[in-house]
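Observations on the model geometry
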Amino acid sequence: MRQTYGVIGYGRFGKLWANSLAQFGRVLAHDKGIPSCSPLANVAKSDILFLAVPISQFESSVQELLPVLEPKTIVVDMCSVKVYPTEVLQRLLPQEQAFATTHPLFGPDSVAESGIKGKKIVFCPIRLSEDQENELHTLFATLGLVVIVTTPEIHDEHMARSQALVHFLGRAF
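Counting from 1, residues in each chain are numbered in the order their sequence is written. Given that this is a predicted model, residues contribute local features only at a pLDDT of at least 70 and side-chain atom pairs are listed and counted only at 80 or more, while totals for whole chains, interfaces and linings are drawn from all residues. Side-chain measures were taken over the full set of non-hydrogen atoms in the model, leaving aside hydrogen atoms and water.

So, on to the pairing of strand 1 (residues 4-8). A simple rule labels every residue: compare its accessible area, found with a 1.4 Å probe on the protein chains alone, to the largest value its type can have, and call it buried under 20%, exposed over 50%, or partly exposed in between. Each helix corresponds to a stretch of at least 4 residues labelled H or I by DSSP, and each strand to a stretch of at least 2 residues labelled E; elements are numbered beginning at the N terminus. Taking burial as the measure, the 5 residues of strand 1 include 5 buried ones, the bulk of the element. Taking every second residue as pointing to the same face, both faces of strand 1 are buried, with Thr4, Gly6 and Ile8 on one and Tyr5 and Val7 on the other. Being paired, for any two strands, means DSSP has found at least two bridges between them. Pairing geometry for strand 1 and strand 2 (residues 26-30), over 5 bridges, is parallel. When the sheet's bridge partners are listed, Thr4 is paired in strand 2 with Arg26. Orienting the strands away from the viewer, one traces the path from the first strand over the helix to the second; a clockwise path indicates a right-handed crossover. Remark: the strand 1/helix 1 (residues 12-21)/strand 2 crossover connection has right-handed handedness. Looking at chain direction, strand 1 and strand 3 (residues 48-51) are connected through 4 bridges and run parallel.

Moving on: the packing of aromatic side chains. Two aromatic rings from Phe, Tyr or Trp, using only the six-membered ring of Trp, form a pair when their centres are within 6.5 Å; if the ring planes differ by under 30 degrees the pair is stacked, by over 60 it is edge-to-face, and anything between is tilted. Inspection of the entire model under this criterion finds 6 aromatic pairs. Ring centres 5.4 Å apart and planes at 70° place the aromatic pair Trp17 and Phe50 in the edge-to-face group. You can see Trp17 sitting in helix 1 and its partner Phe50 sitting in strand 3, a full 33 residues away along the chain. Trp17 sits in the buried class, given a relative accessible area of 0%.

Purely spatial values, then, with no claim about function.
Structure representation (structure tokens):
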């Protein structure tokens, strides 16, 4: 596995993710709202860079990252929707930049007592070599996650259906 992991967005989920990755190598985190975090230029040199920013800040975060992003870095989005981040990454990242999109189906509250082992993560390998895809899949599996490989379109369709049901039942009761 690679040695350096970066996390952009050091909120509750970003901290959880950074702590989970720490057992595998060096982890650098950046959050423009937290001065004690690492500078963006340092974090952008990571082997694998996870974007754990709110969807409302996603495109601006990617634009801010572009001038300092290393060509060797694999960029991994962690938003709860997949079509929009995929479109942004395809449009803004250089054509040779490797990236994937993910949706961890857990958060700090759901793993507070039991940890992330056994939790699910959706994985959409968009612009990855076979080795890079295997590397990320292995990382997730080694973390104990159940990896669900799909496309952004199928993910968002499934999430829309499940959210519609939850909202319908919530209003019904």
